[in-house]
Amino acid sequence: MSSLFSPSFFWRTSAVLLLAAGLGSGALAQPGFPSKPVTIVVPFPAGGSMDALARIAGQKLSAEWGQPVLVDNRAGAGGMIGAQRVKSSPPDGHTLLLTNSALIQNVVGAGAATAPYDPVKDFEPVMHMTLAPVVFVVNPRLPVQNLQAFIALVKSEPKKHSFGSGGVNQTLHLMGATFNDAAGLDMAHVAFKGDAGLVNDIIAGHVSSGFATIATAGPHIAAGTLRALAVAGPRSPLLPGVPNFRELGFQSLDVVGWFGMFAPAGTPKVTVDKLAADIANVLKAPDVTSKLKEMSLTPTGLGPAEFGGIVKRDLGYWDEVVKKVGEK
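Residues numbered from 1 in each chain as written. Predicted model: local features only at pLDDT ≥ 70, side-chain atom pairs only at ≥ 80, totals over all residues. Heavy atoms only, no water.

## Focus on the pairing of strand β5 (residues 134–138)
At step 1: Taken across its 5 residues, β5 has 5 buried, putting it largely inside the fold.
At step 2: Taking every second residue as pointing to the same face, both faces of β5 are buried, with Val134, Phe136 and Val138 on one and Val135 and Val137 on the other.
At step 3: For β5 and strand β8 (residues 209–213), the ladder comprises 5 bridges, and the chain directions are antiparallel. Along β8, the bridge assignment pairs Val134 with Thr213.
At step 4: Alignment of β5 against strand β9 (residues 227–231), held across 4 bridges, turns out to be antiparallel. Opposite Val138, over in β9, you have Arg227 as the bridge partner. (Buried < 20%, exposed > 50% of the residue type's maximum accessible area, 1.4 Å probe, protein only. Helix = DSSP H or I, 4+ residues; strand = E, 2+ residues; numbered from the N terminus. Pairing = 2+ DSSP bridges.)

Quick look at the structure:
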């Protein structure tokens, strides 16, 4: 029989106490993450830059985690259908939302009273992944070479021209409506399900103009099937010869879009932190950085706290914009 003071008794007793403490704290009760396939919900159609970013990240994360990472395109209602899908998912990190500031724009202004979710209370910010700068483009068959000429053309042909967007009351629409208002134009708004469809219809001549991400429009600008007239936010090194709206007198369009990852509210902090760290590592990978550059996306890698601050800041900005030019 072992003595109460023997070394073997001491170590056996210590091990039992440590195990009990671990179980009591929940440290050993939490399964490793991820413990099953992970789904990244993209609330817009396949084929756009957001969808491409989700697939690039998903492939890398799958290799890191040893679990499948699936991309689920849940388009509709300007991104709200996909957002609601994630809001109602178990808060365990296995269902994520990769979206843009449409998450905010859909639920501010007049829509706030009946909003199906709260972008702050219903989601955990995980990672501000990239900047998504946008550019104002037109069909190159229009007889204009710059923004001033385009404005003059539209004013000389009332009710003839239109601008497209990727969805009602989201970034591309609100920028178009802000420009329409600031320039004193009468262009009708035509909504598409994402900027890929919008770009195709500008090229086809079904709509005259529209804002699109540089990621989506860039290859067409290079090919000459779209003409870039101005960029929102600072000048882009991707389009160095294209002026920004601030230079041209439109201060209200000095804004840059973003792509970011969210988890359902209540997701454990340890899981959110792991997601943020692993996604940050993905964004730093040389092959990913190179691919994002080709897509005209600038990786940022801002974590949960900083991204949460950006979301709250954007709530105020977009609330004012929607109240002024948003569609009811």
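## Brief notes about helix α2 (residues 49–65)
At step 1: Its 17 residues give α2 an end-to-end C-alpha distance of 24 Å, which sits within 8% of 24 Å, the value for a rise of 1.5 Å per residue.
At step 2: Three or more residues of α2 are buried, namely Ser49, Met50, Asp51, Leu53, Ala54, Ile56, Ala57, Gly58, Leu61 and Trp65.
At step 3: Looking one or two residues beyond α2, the residue adopting positive phi is Gly66, at roughly 70°. (Expected span 1.5 Å × (residues − 1).)

## Comments concerning the sheet that holds strand β7 (residues 188–191)
Strands pair in a sheet through their backbones, by hydrogen bonds, and they do so in one of two ways: parallel or antiparallel.
At step 1: Strand order in the open sheet formed by 5 strands is β7-β6-β8-β5-β9, with mixed pairing between adjacent strands. Two strands lie at the open edges of the sheet, namely β7 and β9, each paired on one side alone. Pairs of neighbouring strands in the sheet enclose a mean axial angle of 30°, with direction left out of account.
At step 2: With 4 bridges joining them, strand β6 (residues 162–165) and β7 adopt parallel strand pairing. Looking at β7, one finds that Ser165 is bridged to Ala191. (Axes fitted to C-alpha atoms, helices over the stretch in contact; angles between N-to-C directions.)

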